[in-house]
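Chains, contacts and geometry: an overview
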Amino acid sequence: MAILTSTDLREEILALKKERNAIILAHNYQVGPIQDIADYVGDSLGLAYRAKETDADVIAFCGVHFMAETAKIVNPEKIVVLPDKDAGCSLEQSCPAEELEAFLRENAEKNYYVIAYINCSAGVKALCDVICTSGNAVRIVEAAPADRPILFVPDQNLGEWVIAQSGREMDLWQGACYVHVEFTRESIAKIREDHPNAAVVAHPECTTAVRLLADEVCSTEKMISFCRNSPSQDIIVVTESGMLHRLRKEVPGKNLIAGPTDRCACADCRYMKMNTLEKLHDCLRDLTPQVTMPEEIRQRAEAPLLRMLELSK
Ligand code: 13P
Ligand code: SF4
């Protein structure tokens, strides 16, 4: 079998994309070559809107499974493929649908209004009232009915940040992103010692101790405008390492600091990094692995997703 160069591979992917009438959507944490070939690169919220709007027949979703699943929920008639079917998410794993269902049953008298961070399975989405992303979480919580207690699942760190921003009490599921909880206040403070004038931007999945050090806490998409508009020349970026590719491309004038080795304030998500150009090529060629789910779950998961899209317009 002939070995493809990266240029051949890119050309083949573009040819397959045309042949399949496909769109390539990529999250900001994907490897550079995938971001560079994608039709759209963004955060979970932007990707959900793009998935909803597209008239392509096939969506090749380069991100993690819950993101591709979200695209399928709003596009039951389209084929949704993702390069690696094992690209999961520690937040999704921290909240199995059966556990949430049992918890809601045991606490039925509370009549919880359930808000689910989009980093969860279709089964969990089907059990909640509305979805949110890091880009609209505060807004979604502020729009929740005042006369019902809120249960926020699955990310306790994002939940704590939203409580601080909105002043609204919530009961929090104890899930966490295994990448963002690894950053420590000490490691970020140490990088700051070497760059005393640097601004710090962090993702809300970080712990409170780290978030308190940050000048801005925001979604990956908002990191682009923060870095572009910040008066600081040096910016310490506290999130997954894929973010640096887009930032360095779109905000070339700034010194974006990920630590002495690109690993102190930025770390790899092993799930995001499972996708490669080769796997993207193969999934477009073979139309597999495809995202599927029972129609009953899909319909129940669609309502809270559409509510979110409507509320964040
Ligand atoms: P964003 O929606 O901010 O891109 O976050 C997604 C994510 O998985 C962060 O770990
Ligand atoms: Fe999930 Fe964390 Fe990876 Fe984001 S970075 S996909 S929250 S494990």
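Up top is the structure these notes are about.
On a predicted model such as this, the values are computed, not experimentally measured, just so you know.

1. Some thoughts on the site of ligand 2
- The environment of ligand 2 is formed by Tyr29, Val64, Cys89, Ser90, Leu91, Asn119, Cys177, Tyr178, Val179, Glu205, Cys269 and Met272.
- Taken atom by atom, the bulk of ligand 2 overlaps the largest cavity.
- The residue makeup of the shell around ligand 2, split by class, is nine nonpolar, two polar and one charged.

2. Let's talk about the pairing of strand 1 (residues 22-27)
- Burial analysis of strand 1 places six of its six residues in the buried class, the great majority of the element.
- Burial of the side chains of strand 1 extends over both faces: Ala22, Ile24 and Ala26 are buried on one face and Ile23, Leu25 and His27 on the other.
- Pairing between strand 1 and strand 3 (residues 58-62): five bridges, direction parallel. From the neighbouring strand, Ile24 faces strand 3, where its bridge partner is Ala60.
- Examined bridge by bridge, strand 1 and strand 2 (residues 40-42) share three bridges and lie parallel to one another. By the bridge assignment, His27 is partnered in strand 2 with Gly42.
- Assessed by its sense of winding, the connection that carries the chain from strand 1 through helix 2 (residues 32-37) to strand 2 is right-handed.

3. Focus on the site of ligand 1
- Neighbouring residues of ligand 1: His27, Tyr29, Asp43, Ser44, Tyr117, Asn119, Ser134, His180, His203, Glu205, Ser219 and Thr220.
- Here an oxygen atom of ligand 1 and a side-chain polar atom of Asn119 are 3.2 Å apart.
- For ligand 1, an oxygen atom lies 2.7 Å from a polar atom in the side chain of Ser134.
- Isolated, ligand 1 exposes 310 Å² of accessible area, and the fraction of that covered by the protein chains is 96%.
- Of all the cavities here, the one that holds ligand 1 is the largest cavity.
- Grouping the amino acids of the shell around ligand 1 by side-chain chemistry returns two nonpolar, eight polar and two charged.

4. Section: the sheet that holds strand 8 (residues 171-172)
- Taken in spatial order, the four strands of this open sheet run 6-5-7-8, and their pairing is parallel. Single-partner strands in this sheet number two, and they are strand 6 (130-132) and strand 8.
- By the bridge criterion, four bridges tie strand 5 (residues 113-117) to strand 7 (residues 150-153) in an arrangement that is parallel. The residue bridging Tyr113 from the neighbouring strand is Ile150, located in strand 7.

5. Quick word on the packing of helix 1 (residues 6-20) against helix 14 (residues 277-286)
- Running from N to C, helix 1 and helix 14 cross one another at 30°; their axes reach a closest spacing of 9 Å. Overall, the two elements helix 1 and helix 14 adopt an arrangement that is roughly parallel. Judged by the sense of rotation from one axis to the other, the crossing of helix 1 with helix 14 is left-handed. Contacts between helix 1 and helix 14 pair Leu9, Arg10, Glu12, Ile13, Leu16 and Arg20 from the former with Leu277, Glu278, Leu280, His281, Leu284, Arg285 and Asp286 from the latter.

6. Observations regarding the side chain of Lys254
- Considering the arrangement of structural elements, one finds Lys254 in the loop between helix 13 (243-250) and strand 12 (255-257).
- No salt bridge forms around the buried Lys254; measuring N to O, its nearest opposite-charge neighbour Asp234 is 9.3 Å away.
- A polar side-chain atom of Lys254 sits 2.8 Å from the main-chain carbonyl oxygen of Cys227.
- Among the polar contacts listed, one links the side chain of Lys254 to the backbone oxygen of Ser230, at a separation of 2.6 Å.
- Not counting residues up to four positions away in its chain, the partners in contact with Lys254 are Cys227, Arg228, Ser230, Ser232, Gln233 and Ile235.

7. Some remarks on the nonpolar core
- Ranked by size, the top nonpolar core spans 100 residues in total, and within it Leu100, Ile115, Val153, Val237, Val238 and Met308 carry the most contacts.
- When near neighbours in sequence (up to four residues on either side) are disregarded, Val238 contacts His180, Phe183, Ile188, Val200, Val201, Ala202, His203, Cys206, Val210, Met223 and Ala265.
- Leu16, Ile37, Val41 and Leu277 belong to the second largest nonpolar core, which has 19 residues in total.

8. Observations concerning the sheet that holds strand 1
- Spatially, four strands are ordered 2-1-3-4 in an open sheet, and the strand pairing comes out parallel. Edge positions in the sheet fall to strand 2 and strand 4 (79-81), since each has one partner strand and no second. Strand-to-strand twist of the sheet, defined as the mean angle between neighbouring strand axes without regard to direction, takes the value 20°.

9. Brief notes about the pairing of strand 9 (residues 199-202)
- Of the two faces of strand 9, both are covered, the one formed by Ala199 and Val201 as well as the one formed by Val200 and Ala202.
- Bridge analysis of strand 9 against strand 11 (residues 234-240) gives four bridges, and the strand direction is parallel. Within the sheet, the bridge partner assigned to Val200 lies in strand 11 and is Ile236.
- Sheet topology places strand 9 next to strand 10 (residues 216-217); two bridges connect them, and they run parallel. Residue Ala202 lies in a different strand from strand 10, and its bridge partner there is Val217.

Calculation rules
- Residues numbered from 1 in each chain as written.
- Chains lettered and ligands numbered in written order.
- Predicted model: local features only at pLDDT ≥ 70, side-chain atom pairs only at ≥ 80, totals over all residues.
- Heavy atoms only, no water.
- Near = heavy atom within 4 Å.
- 1 Å grid on protein atoms, 1.4 Å probe; cavity = no way out; pocket = protein on both sides within 12 Å on 5 of 7 lines; lining within 4 Å.
- Sits in = over half its atoms within 2 Å of the grid points.
- Nonpolar A, V, L, I, M, F, W, Y, C, P; charged D, E, K, R; others polar.
- Buried < 20%, exposed > 50% of the residue type's maximum accessible area, 1.4 Å probe, protein only.
- Helix = DSSP H or I, 4+ residues; strand = E, 2+ residues; numbered from the N terminus.
- Pairing = 2+ DSSP bridges.
- Right-handed = clockwise from strand over helix to strand, strands pointing away.
- Polar contact = N/O pair within 3.5 Å; in protein donor to acceptor, adjacent residues only side chain to side chain.
- Areas by Shrake-Rupley, 256 points an atom, 1.4 Å probe, with all protein chains shown as cover.
- Axes fitted to C-alpha atoms, helices over the stretch in contact; angles between N-to-C directions.
- Parallel < 35°, antiparallel > 145°, perpendicular 65-115°, else oblique.
- Left-handed = near helix turned anticlockwise from the far one by under 90°.
- Contact = heavy atoms within 4.5 Å.
- Lys, Arg positive; Asp, Glu negative; His and termini not counted.
- Salt bridge = Lys/Arg side-chain N within 4 Å of Asp/Glu carboxyl O.
- Core = buried A, V, L, I, M, F, W, Y, C linked by side-chain atoms within 4.5 Å.

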